[in-house]
Amino acid sequence: IVGPDPRNTGRAPSWHHALMQLIAATILLYSVLVISAAEILWPIELFVLIAILLLAGATRTERVLRALLALALTGIALLGLADFGTGLAFARPFNLIADWHFAQGIWLLLKGSAGIPLAVIGLSAVALVLAALILGIWWSLAQWARCGAGTRANWIAAAMLVPGAGLIAADFKDYAPVSVEAGARIAQTLAADEALEAFIVQAKQDPVEDIGPVLTALDGRDLIIIYIESYGRASFSNPRYRGAHTKTLQAIEEQLGASGLGMRSAFLQAPTAGGQSWLTHGSVASGLWLSDQSRYQAMLESGRQTLFDYAAGAGYRTVAVKPAHILAWPEGEVLGFEVIYNAEDLGYAGPALNWVTMPDQFTLAAFERLEYNRAGRPPILAEISLISSHAPWVPVPDMLAWEAVDDGTVYSRFMEGSPTPAEIWRDPERVRAQYTKAIEYSLQAVGSWVARHADNPPVVLLMGDHQPLPFVAESDVFDVPVHLIGPAPVVERLAGSDWHSGLTPGADSPVIGAERLRDWLLRGSF
């Protein structure tokens, strides 16, 4: 079927040259069609696609058809790559409805980690690759289209459908990955819209709206909610981390127990893994299961009263400490925070430790200086996000004497001679080793801070926000640890009877949905 292209007047390419072009075109089309499949398959769409191109031939109509097919196939490839990316980062497929906000997040990550010039170069390179993909698909389709028109091509086109029919008879689901995926995407979109509508109704029906006095189980004490970035169940289930992390927790438990503090631990089911910490924070604050960005945004727009709204009504000063926020955070006011400390508000004069804007010990010292030690203040309900355990996990600073923290300039020495993220991330084993150290440091910072205030202790709810990246966690479980620390009578009153005593939850510890914590804290019991 190889012959001259009707659009050109030159000689036909040699048969072996044309054959090589057809083979290359077929490989590219095949790769695009199976990129979103879980395994290498023989997609019937490949045979149907070739048959259509042969029947269309090299005509003006074919060019329009080819343009539409090139755009469609590019979209399929991008969705497959998006699924790969969200699977690698968050252990879930790409959500066509909820995940568009990542575009801004990727830009901010690139700008913050590489600077604006390199970020622009990186995005330009992506744009060029995308253009090359479209042109490659366009060229591949043309190689088959120019073989079309004529009785011989029609017979070959019909023959192309025979293996397709056979594969359909064998198992349509296994051999039509693009069709199945397209159907699943359409179903997902429709289901997401319906679920979001039901969620909006749920958000406006608050079960504790008329609860009466709230937070009475705290006995008027401060409640400090502390999230440790990427602190997940892997710290207890994965042998790589279990020894180091439980040893750190046992040392903290001994120190706090000697001061008379009570401690109980369990697990929390987080709505995310690998990232999107705000979904866990929002679920705890709102009493709603925020499994994606659409739900999070709907919650913000619903007018629902959060834990912090109720606390403010009960006379608490509601405080957010967000060292990772380098931009304004208007959502914080909607969530009910009276005062918000973003990165620039915390007084840090030291270096950024790669992605980490400031070490956890400094964050806790800044909260102590700005809020906790203020004279004559009302009780505080604070949410503090600790980020030293955020990737890339290098460098990990040492714990310092609290008096030495000062304005943070002392942390400059930890950047000197430290390996770069690129050096660490060439080796997955080094990445996991650094993660181990980062979680140890974050736990030590919290334990030391609580010990500083053991004479008149607050109630501390310490938990992870999500599991680390899937290749670090080596698990697809979304659970995170949760620890309740404070005066023993308050802890025993608040914690469920099945919570494990101490700071090390057991394999049989209860797993509590993140959306249950708001009402538990407000009511004082499960």
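Please read all numbers here as calculations on a predicted model, not as lab measurements.

Below, the discussion takes up the overall build of the protein. Each helix and strand counted, the protein has 20 helices and nine strands in total. Taking the contacts inside the protein whose residues are at least 6 apart along the sequence as the reference set, 76% of them involve residues at least 24 apart. Surface accessibility of the protein: about 23,600 Å² in total, with carbon and sulfur atoms responsible for 60%.

Where charged atoms of side chains with opposite charge meet at close range, the side chains can pair. Under the defined criterion, the tally for this structure stands at 16 salt bridges. With its nearest N and O atoms 2.7 Å apart, the salt bridge here joins E368 to R452. Note that E368 is positioned in helix α14 (residues 360–372) and R452 in helix α17 (residues 428–452), a separation of 84 residues in sequence. Its relative accessible area of 7% is what places E368 among the buried residues. Within the structure, one salt-bridge network assembled from shared partners comprises D206, R304, R518 and D519.

Of all the nine residues making up strand β2 (residues 261–269), eight are buried; the element is thus mostly covered by neighbouring parts of the structure. Here β2 pairs with strand β7 (residues 479–487) via nine bridges, running antiparallel. Bridged to F267 within β7 is P481. As paired strands, β2 and strand β8 (residues 500–501) are joined by two bridges and run antiparallel to one another. Paired with S265 across the two strands is H500, which belongs to β8.

Summarising the element assignment, S501 is placed in strand β8. Spatially, the C-alpha atoms of S501 and M263 are 6.1 Å apart, while their sequence positions differ by 238 residues.

For the rest of this paragraph, the subject is the side chain of H483. The residue H483 is located in strand β7 in this model. H483 sits in the buried class, given a relative accessible area of 0%. Within polar-contact distance, the side chain of H483 engages the side chain of Y231 at 2.8 Å. At a separation of 3.4 Å, a polar atom in the side chain of H483 contacts the main-chain carbonyl oxygen of L503. Setting aside anything within four residues of it in sequence, one finds H483 in contact with Y231, F236, L249, R264, S265, V460, L461, L462, L503 and P505.

Here the focus is the packing of aromatic side chains. Using the criterion set out here, one finds 15 aromatic pairs in the structure. Ring geometry for Y348 against Y411: centres 6.5 Å apart, planes inclined by 45 degrees, an arrangement best described as tilted. Note that Y348 is positioned in the loop between β4 (339–342) and α14 and Y411 in the loop between α15 (402–405) and α16 (421–424), a separation of 63 residues in sequence. Its relative accessible area of 16% is what places Y348 among the buried residues.

Let us now look at the confidence of the model for the protein. Residues of the protein with pLDDT of at least 70 account for 81%, and the chain-wide mean is 85. Every residue in residues 1–7 scores below 50 in pLDDT, and together they form 20 contacts with partners more than four places removed in sequence or on other chains.

Turning our eyes to something else, we now look at the packing of helix α9 (residues 239–258) against α17. One can describe the packing of α9 onto α17 by two numbers: an axis separation of 10 Å at closest approach and a directional angle of 10 degrees. Relative to α17, the element α9 lies roughly parallel. For the pair α9 and α17, the contacting residues are R240, Y241, A244, H245, T248, L249, I252, Q255 and L256 in the first and E429, R432, Y435, T436, I439, E440, L443, Q444, G447, V450 and A451 in the second. When the residues that make up the contact of α9 with α17 are grouped by side-chain class, the tally is ten nonpolar, six polar and four charged.

We now examine the nonpolar core. Formed by 59 residues in total, the largest nonpolar core has its most connected members in I226, L364 and F367. Top contributing element to this core by residue count: α17, with ten residues. Core analysis: the second largest hydrophobic core is formed by 49 residues, F199, A217, L290 and A514 among them.

Tracing the backbone shows R518 in helix α20 (residues 517–523). Non-local contacts of R518, meaning those with residues more than four positions away in its chain, are made with D206, P207, V208, V284, A285, S286, G287, R304, Q305, T306, L307 and Y310.

Cis geometry marks the peptide bond from A391 to P392, where omega comes out at 20 degrees. Inspection of the secondary structure puts P392 in the loop between β5 (380–386) and α15. In this structure, P395 follows V394 across a cis peptide bond, with omega equal to -5 degrees. Here P395 shows up in the loop between β5 and α15. A positive phi angle, close to 60 degrees, is found at Q276, a residue other than glycine. Here Q276 is to be found in the loop between β2 and α10 (277–286).

Scoring rules and cut-offs
Residues numbered from 1 in each chain as written. Predicted model: local features only at pLDDT ≥ 70, side-chain atom pairs only at ≥ 80, totals over all residues. Heavy atoms only, no water. Helix = DSSP H or I, 4+ residues; strand = E, 2+ residues; numbered from the N terminus. Contact = heavy atoms within 4.5 Å. Areas by Shrake-Rupley, 256 points an atom, 1.4 Å probe, with all protein chains shown as cover. Salt bridge = Lys/Arg side-chain N within 4 Å of Asp/Glu carboxyl O. Buried < 20%, exposed > 50% of the residue type's maximum accessible area, 1.4 Å probe, protein only. Pairing = 2+ DSSP bridges. Polar contact = N/O pair within 3.5 Å; in protein donor to acceptor, adjacent residues only side chain to side chain. Phe/Tyr/Trp six-rings, centres within 6.5 Å; stacked < 30°, edge-to-face > 60°. pLDDT = per-residue confidence, 0-100. Axes fitted to C-alpha atoms, helices over the stretch in contact; angles between N-to-C directions. Parallel < 35°, antiparallel > 145°, perpendicular 65-115°, else oblique. Nonpolar A, V, L, I, M, F, W, Y, C, P; charged D, E, K, R; others polar. Core = buried A, V, L, I, M, F, W, Y, C linked by side-chain atoms within 4.5 Å.

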